[in-house]
Amino acid sequence: MSDTTSTGTSTGTGTGTGTVIGRVGVVGGGQMGAGIAEVCARAGLDTVVCETDATAARAARERIAVSLERAVQRGKLDRLSAEDALARLVFSSDLDDLADRQLVIEAVTEDVDVKTAVLAAIDKAVADPDAILATNTSSLPVMRLAMATTRADRVLGLHFFNPVPVLPLVEVVSSLHTSQDTLATVEAFARDALGKTPVRSQDRAGFVVNALLVPYLLSAIRMAESGFASPTDIDTAMRHGCAHPMGPLRLADLIGLDTVAAIAHSLYDEFKEPLYAPPPLLTRMVQAGLLGRKTGRGFYPYDRP
């Protein structure tokens, strides 16, 4: 069931193999999925967003509309382009609306069982056996997710960073089965159609960025947990001492403490290194629902979104 229809045109992107991606699907309309759908629509692509039900689909549309309006108010996007981008999006609660998609990006919760079930369902819904399926996982094994489909050679990781419309990086992650054609096509799509900066990564927990970033965040949490320094002082020290734009604890709040914990668990499961183990404070905060900016409280208080 679709809540709106697309009136925009599709430009697509050419690659060295002659593949043109002009029809994109995004499954999951939360913070990450909405951001991915927004950048696709702003790039002129025919984009379908699938959610669990009509209420969630409407919430996804509102999330993107608010983001587009924010870009207009900040002078990053003109009003007509924002209206065109929103009109180009189709919001649905039926995976069958993905049947004609050339690329579908899964962006649901960071849970291996949920993601494998969703990818298996997408695989059945998409009619073209040459269509590419991508997962936005930040740490889970792409191979494990790909094996839930019938097209493991056409599955890869496409990991965007939050906020997606602002941050330019995307990690393109190949599994042992991912074909070189799939890798090249998606890398060119990210670079040429979306204007992102792609980096390639092998299929290891954390990929490039989180394998380096998360141990740093966990170290900051342990420092706060021990009482060695306050969250404010830790963040101030890293901002003004290392010229970081944001301190590690405020960054953890922005990412979501549940996401940080999930990545830490994936890293520890794979490498068994103590620096990857989630600190008890992080575990307790997640259990308490204190997940950071998205819930109104983490290491700092926030206005509820």
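Keep in mind that what you see is a predicted model, and the values were worked out from it rather than measured. (Residues numbered from 1 in each chain as written. Predicted model: local features only at pLDDT ≥ 70, side-chain atom pairs only at ≥ 80, totals over all residues. Heavy atoms only, no water.)

## Describing the layout of surface pockets
- Considering only enclosed or pocket space, the second largest pocket measures out at about 210 Å³ in volume.
- What lines the second largest pocket is a set of 13 residues, among which L140, P141, H265, S266 and D269 lie closest to the centre.
- Looking at side-chain class alone, the lining of the second largest pocket contains five nonpolar, three polar and five charged residues. (1 Å grid on protein atoms, 1.4 Å probe; cavity = no way out; pocket = protein on both sides within 12 Å on 5 of 7 lines; lining within 4 Å. Points joined across faces, edges and corners; volume = space filled by probe spheres on them. Nonpolar A, V, L, I, M, F, W, Y, C, P; charged D, E, K, R; others polar.)

## Regarding the sheet that holds strand 8 (residues 197-202)
- Strand order in the open sheet formed by eight strands is 3-2-1-4-5-6-7-8, and the pairing between neighbours is mixed. Two strands in the sheet have a free side with no partner beyond their single neighbour: strand 3 (89-92) and strand 8. Each strand axis lies, on average, 25 degrees off the axis of its neighbour in the sheet, ignoring direction. (Pairing = 2+ DSSP bridges. Helix = DSSP H or I, 4+ residues; strand = E, 2+ residues; numbered from the N terminus. Axes fitted to C-alpha atoms, helices over the stretch in contact; angles between N-to-C directions.)

## Looking at the packing of aromatic side chains
- Counted under the stated rule, the structure contains one aromatic pair.
- Between the aromatic rings of F271 and Y276, the centroid separation amounts to 5.6 Å while the plane-to-plane angle is 40 degrees, which identifies the pairing as tilted.
- On the basis of relative accessibility, which here comes to 24%, the residue F271 falls in the partly exposed class.
- On the basis of relative accessible area, Y276 is assigned to the buried category, the value being 13%. (Phe/Tyr/Trp six-rings, centres within 6.5 Å; stacked < 30°, edge-to-face > 60°. Buried < 20%, exposed > 50% of the residue type's maximum accessible area, 1.4 Å probe, protein only.)

## Brief notes about the pattern of salt bridges
- Counted by the stated rule, this structure contains 12 salt bridges.
- For R79, the salt bridge is made with E69, and the minimal N-O distance between the two is 2.4 Å. Of the two residues, R79 is situated in helix 3 (residues 79-87) and E69 in helix 2 (residues 54-73); the sequence distance between them amounts to 10 residues.
- Given a relative accessible area of 39%, R79 falls into the partly exposed group.
- On the accessibility criterion, E69 (28% relative accessible area) is partly exposed.
- One salt bridge in this structure joins E110 and K115, with 3.8 Å as the shortest N-O distance. (Salt bridge = Lys/Arg side-chain N within 4 Å of Asp/Glu carboxyl O.)

## Here's the deal with the packing of helix 7 (residues 209-226) against helix 10 (residues 257-271)
- Where helix 7 meets helix 10, the closest approach of the two axes is 10 Å, and the angle between their N-to-C directions is 115 degrees. Considered as vectors, helix 7 and helix 10 are oriented roughly perpendicular to each other. You can see that helix 7 and helix 10 cross each other, and the crossing is left-handed. Where helix 7 abuts helix 10, its residues N210, A211, V214, L217 and L218 lie against V260, I263, A264 and L267.
- Residues of the contact of helix 7 with helix 10, tallied by class, amount to eight nonpolar, one polar and no charged. (Parallel < 35°, antiparallel > 145°, perpendicular 65-115°, else oblique. Left-handed = near helix turned anticlockwise from the far one by under 90°. Contact = heavy atoms within 4.5 Å.)

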